[in-house]
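# Understanding the architecture of this molecule
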Amino acid sequence: MMGKRSAFLTGLTVIAAAVTLTACGGQSGSKTATSGKALSGKVTAVGSTALQPLVEQAAKDFQAKNPNVTVNVQGGGSGTGLSQVAQGAVDIGNSDIFAESKPGVATDKITEHKVAVIGFAPVVNPDTKVKKLTMVQLQNIFAGKVTNWKQVGGKNEKIVLVNRATGSGTRATFDDNVMKGKKSVKSQEQDSSGAVQKIVGSTPGAISYLAFSYLTKNLQAVAIDGVTPTTANVLNNKWKIWSYEHMYTQKKANKVATAFIKFMNSDHVQGELVKKLGYISIKDMQVVKDAKGNVTNK
Amino acid sequence: MNRYRVNQIMTGVLNGVTFLVVLFIASFILYLLASGMTAVNWHFLTTSSEVGLGIRDQLFNSLYLLLLTQLISLPIALGAAMALTLYADSRSKLASFAQGLIQILSSLPSIIVGLFGFLILVLKFNLGFSIISGALALTFFNLPILTQSIAVSLQGVPDEVMQSGLALGISKWHTITKVILPEAMPGIWSGIVISAGRVFGEAATLIYTAGQSAPTLDYTNWNPFNPASPLNIFRPAETLAVHIWKVNTESLGQDAATVSRGTIVILILVVLLFNLVARYFSTTMRKKVGR
Amino acid sequence: MNKQLFNSSKEIRQDKLGRLLVYSALTVVLVLACAMLYFIFSKGIATFTQDHINFWDFLTRSNWNTDNLQKPDLGAWALMVTSAETTLLAVLVTTPLALVIAIYIVVMSPKIGGRIVQPLTELLLGIPSVVYGFVGLTVLIPVLRRWAGGTGFGVLAAALVLALMILPTITSLAVEALNGVPQSYQTFAYSLGCTKWQVIVHVLLKISAPNLLVAVIFGVARAFGEALAVQMVIGNTVQLPLGLFTPAATLTSKLTTDMGNTIDGTLASNALWSLALLLLVMSLIFNLLAKLVLRRSQSRESISR
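Basis of the calculations
- Residues numbered from 1 in each chain as written.
- Chains lettered and ligands numbered in written order.
- Predicted model: local features only at pLDDT ≥ 70, side-chain atom pairs only at ≥ 80, totals over all residues.
- Helix = DSSP H or I, 4+ residues; strand = E, 2+ residues; numbered from the N terminus.
- Buried ≥ 20, exposed ≤ 12 C-beta atoms within 10 Å, placed from the backbone.
- Contact = placed C-beta atoms within 7 Å.
- Nonpolar A, V, L, I, M, F, W, Y, C, P; charged D, E, K, R; others polar.
- Axes fitted to C-alpha atoms, helices over the stretch in contact; angles between N-to-C directions.
- Parallel < 35°, antiparallel > 145°, perpendicular 65-115°, else oblique.
- Left-handed = near helix turned anticlockwise from the far one by under 90°.
- pLDDT = per-residue confidence, 0-100.
- Domains from an automatic or database assignment.
- Core = buried A, V, L, I, M, F, W, Y, C linked by C-beta atoms within 7 Å.
- Pairing = 2+ DSSP bridges.

## Details of the overall build of chain B
Within chain B one finds 11 helices and 0 strands. Expressed as lengths along the three principal axes of its C-alpha atoms, the size of chain B is roughly 65 × 55 × 35 Å. Across the 291 residues that make up chain B, the buried fraction comes to 52%. Taking as baseline every contact in chain B between residues at least 6 positions apart, the subset at least 24 positions apart corresponds to 74%.

## What to know about the overall build of chain A
Within chain A, the secondary structure is distributed over 9 helices and 13 strands. By residue count, 47% of the 298 residues in chain A fall in the buried class. If you take every contact in chain A between residues at least 6 apart in sequence, the share linking residues at least 24 apart comes to 71%.

## Overview of the interface of chain C and chain B
Size of an interface: often given as the accessible area lost when the parts come together. Counting residues at the interface gives 61 residues for chain C and 67 residues for chain B. Every element with two or more residues in the side of chain C that touches chain B is listed here: helix H2 (10-44), helix H5 (77-108), helix H6 (110-123), helix H7 (129-148), helix H8 (155-179), helix H10 (196-225), helix H12 (251-259) and helix H13 (267-304) of chain C. Among the elements that make up the side of chain C that touches chain B, the one with the highest residue count is H2 of chain C (19 residues). Of the residues that constitute the side of chain C that touches chain B, the class distribution is 42 nonpolar, 13 polar and 6 charged.

## A short note on the packing of helix H6 (residues 131-155) of chain B against H2 of chain C
Each packed pair of helices is defined by two parameters, the angle between the axes and the distance between the axes. Two elements in contact, H6 of chain B and H2 of chain C, have axes separated by 11 Å at closest approach and are oriented at 130 degrees. Viewed along their axes, H6 of chain B and H2 of chain C adopt a mutual orientation that is oblique. H2 of chain C is crossed by H6 of chain B, and the crossing has left-handed handedness. For the pair H6 of chain B and H2 of chain C, contact is made by Phe 140, Leu 143 and Thr 147 of chain B and by Val 29, Leu 32 and Met 36 of chain C, respectively. The residue makeup of the contact of H6 of chain B with H2 of chain C, split by class, is 5 nonpolar, 1 polar and no charged.

## Let's talk about the confidence of the model for chain B
Summarising the model, chain B shows a mean pLDDT of 84, and 95% of its residues fall at 70 or more. The complex prediction reports pTM at 0.86, with the ipTM value standing at 0.84.

## Considerations on the interface of chain A and chain C
The partner chain C presents 22 residues to the 27 residues of chain A that form the contact. For the side of chain A that touches chain C, the secondary-structure elements that each account for two or more residues are helix H3 (78-86), strand S7 (188-190) and helix H6 (193-202) of chain A. The element that contributes the greatest number of residues to the side of chain A that touches chain C is H3 of chain A, accounting for 5 residues. When the residues that make up the side of chain A that touches chain C are grouped by side-chain class, the tally is 7 nonpolar, 15 polar and 5 charged.

## Some remarks on the domain arrangement of chain B
Residues and elements named next belong to chain B. As assigned here, chain B comprises domain 1 (1-39) and domain 2 (41-288). For domain 1 versus domain 2, the separation of C-alpha centres amounts to 30 Å. Contacts between the two partners involve 7 residues from domain 1, matched on the other side by 8 residues from domain 2. Residue composition of the side of domain 1 that touches domain 2, by class: 5 nonpolar, 2 polar and no charged.

## As for H6 of chain A
Counting buried residues in H6 of chain A gives 8 out of 10 residues, a clear majority hidden from the surface. Residues Ser 193, Gly 194, Ala 195, Val 196, Gln 197, Lys 198, Ile 199 and Val 200 of chain A constitute the buried set of H6 of chain A.

## A look at the domain arrangement of chain A
All names here are of chain A. The domain architecture assigned to chain A consists of domain 1 (41-117 + 244-297) and domain 2 (118-235). Taken together, the contacts link 18 residues of domain 1 with 13 residues of domain 2. Elements supplying a minimum of two residues to the side of domain 1 that touches domain 2: H3 and strand S4 (110-124). Classifying every residue of the side of domain 1 that touches domain 2 by side-chain character gives 7 nonpolar, 8 polar and 3 charged.

## Concerning unusual backbone geometry
One non-glycine residue, Asn 237 of chain A, lies in positive phi territory at about 65 degrees. Summarising the element assignment, Asn 237 of chain A is placed in the loop between helix H7 (231-235) and strand S11 (242-250). On the neighbour-count criterion, Asn 237 of chain A (16 C-beta atoms within 10 Å) is partly exposed. Even without glycine at this site, Asn 236 of chain C takes up a positive phi of about 30 degrees.

## A short note on the nonpolar core
Residues and elements named next belong to chain C. Judged by nonpolar contacts, the single largest core of 256 residues is most densely connected at Ala 102, Ala 157, Val 161, Leu 162, Ala 174 and Val 233. If you tally residues by element for this core, the top one is H8, at 19 residues. If we ignore the near neighbours within four places in the chain, the residues touching Ala 102 are Thr 171, Ala 174, Val 175 and Leu 178.

## Points about the pairing of S11 of chain A
Residue and element names in this part refer to chain A. For S11, the tally of buried residues reaches 8 of 9 residues, placing the bulk of the element in the interior. Sheet topology places strand S3 (residues 92-95) next to S11; 4 bridges connect them, and they run antiparallel. Considered in S11, the bridge of Ile 92 is made with Thr 249. Where S4 and S11 come together, 9 bridges link them in antiparallel fashion. For Ile 110, the partnering residue across the bridge sits in S11 and is Gln 250.

Structure (structure tokens):
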């Protein structure tokens, strides 16, 4: 009997402790201790899942250099990243798209930092026997005007469209660079690259698009107008389907966030990590693209 | 056809259908185990996901989160279930209103619970992506399930028990804690296990609250306020289920599939272990109560 | 000594404390539930109050287009129908199987049932929904494709995956329900010369019917709220599910797919919260319906007594 009671009391104590700790946690938020030379504090970055692996890895190396700093990297989607950084709820918002192209974001409150480039390639299930398409053919496929692979030089097989989620960064890049205002036909939509990879790989006649880093052997990447989807072709804009990865900070970013963004543009990240993880370095680009999609030479 | 013949046929059908379904479930689970078994070894269990692709930290996080969640939700669910079944008249307006509310809550998709946790706990209460945010969000998710299953097992205790207790002049509270609760304990215990299984496999709620990164932990550091300590409840924590989700949706490289399959094997084995332990306790308890 | 007479006894004080404790626990649960409902309600209603979407259009139209801000075309009808259809199908497939297994565990062979069958079904509970989704995608979809042609994605695939996911929920609760029937009733029926089957049908199932219904409602709730697994196999297309193999989208799958890509406070985000609100309302309706059935069967029972 005593045993039970003491167990109950222990339980109560633990809960009480948890509640107290919770209360204390409020103060330990994202404030930065500024005194002293050693950088210390806490930074939270949320948003794009496409950029997440890079930021995570960079954060690890950054923390190794600055032991008193905690960088907390989470996903949640570009929309979440932009909303929360604009509202001041997090320090850094990771996004696949320009804040300007998302209505409803308070762009005057945030500063943009480009940290990498991602190239995207149309992918098809290999059984379609299609290896190249023209831009117009690709448009027509996603607009629903072409419905059989036979019509574009492939096998006699129905085309299964797998589009990306409306509002996602990948979808926006594809719509801006391929569809150019044309409306996509109603079709299957998937949010995650992993799911698209598996669906296209296992469904005969399927077509979708993926970042270069997700191209695997069981998928056929498609060349467009004779240009193959390679990093070299992205650098000079011969390959058109690419976009920036952005990290947005608040206008008055704290010291740690600023230092971390600076680290993202350092040689260590741009020279090694970016390539290792399948992104394209911002420093290698020979062209610049603005929020409206206009491309100019650097 | 006489009733004995009907009986013979129908019991045969019952046995047959059960056998087929069990066979199906068994092959489903064996399929998952077999496809991941090769990925599982001592190294996989004892290294962190950053160094050796292992899942040591995720395994610890899952268990720790589960423990915290049950510590917070069990007393509340137990109290609420007692109030609904033993105190309030089950036909009263309050009871049926409360039951309806709890029922609706249990059909909420977990992503909604996750977003609620994200906007309220992580941002408004400034708890950040942390174990405590995750545990509280899981509590929202867990409370309706647990409350309802405990209520069912309390209802299973015959009314006569309460009445005879009261007739003997023992207080209601005394009757409940000394007689009714022990009597209902096996059922309550299996309710806990069922909810534990669901909490363990839950991903959508945690993606937005406990987060999906697993900072390297130092298992020799037992100071709960140190960020590297496994016990710290303010650090972000990726669980096994979230790890599987992440590896499957956004992860790169050839190892992803292997890691995911291996993680599934560990998850299934842990849930199996839960069930076995629970069954053991439940039967010993039943024996104690004399059922 | 006089003082002691006026003070309440230890028992009574304990009793009061206990009453306080359990009611405050109930209050915590109710406050939490209300907070969550209020949260969803306030966010979900903004589509109609701020963005001036016609409520009736939202209920009856089947397009989901938030790109054109001047003329958004939003309707949840197809999503609602798909949610209801997949859930219903899943429950129809699972309920008979779950009942059979529960009967086996309780009546036919409690030993094998308790040691093997029940633990095995409960194992299914701990498997994360992503895993169901991927197994559905890699194993079930190709089978359906070969069997019925087309792509395999669609309502049926989702319903079958859901059916497996809710099997343990319904089974466990059905076992509890059947166990709740006093042993003496069975013994009595056997002594009257009833066969096993007669005892099952006329005693066990009849008496536990209301609680079995609760078990099914639980299954419905689980299926209704599931997103990650459904999203992988249903083919995520917002359209009315005309056939079993039509790709479609449910309220939850749409919600989960799009939520991370929307900006807080914009129409695209508010509309998704409206879906959550619809989901709540639909599960409220399910709940009320079930209560009605329960009350009816109870009143009939009390008359026959």
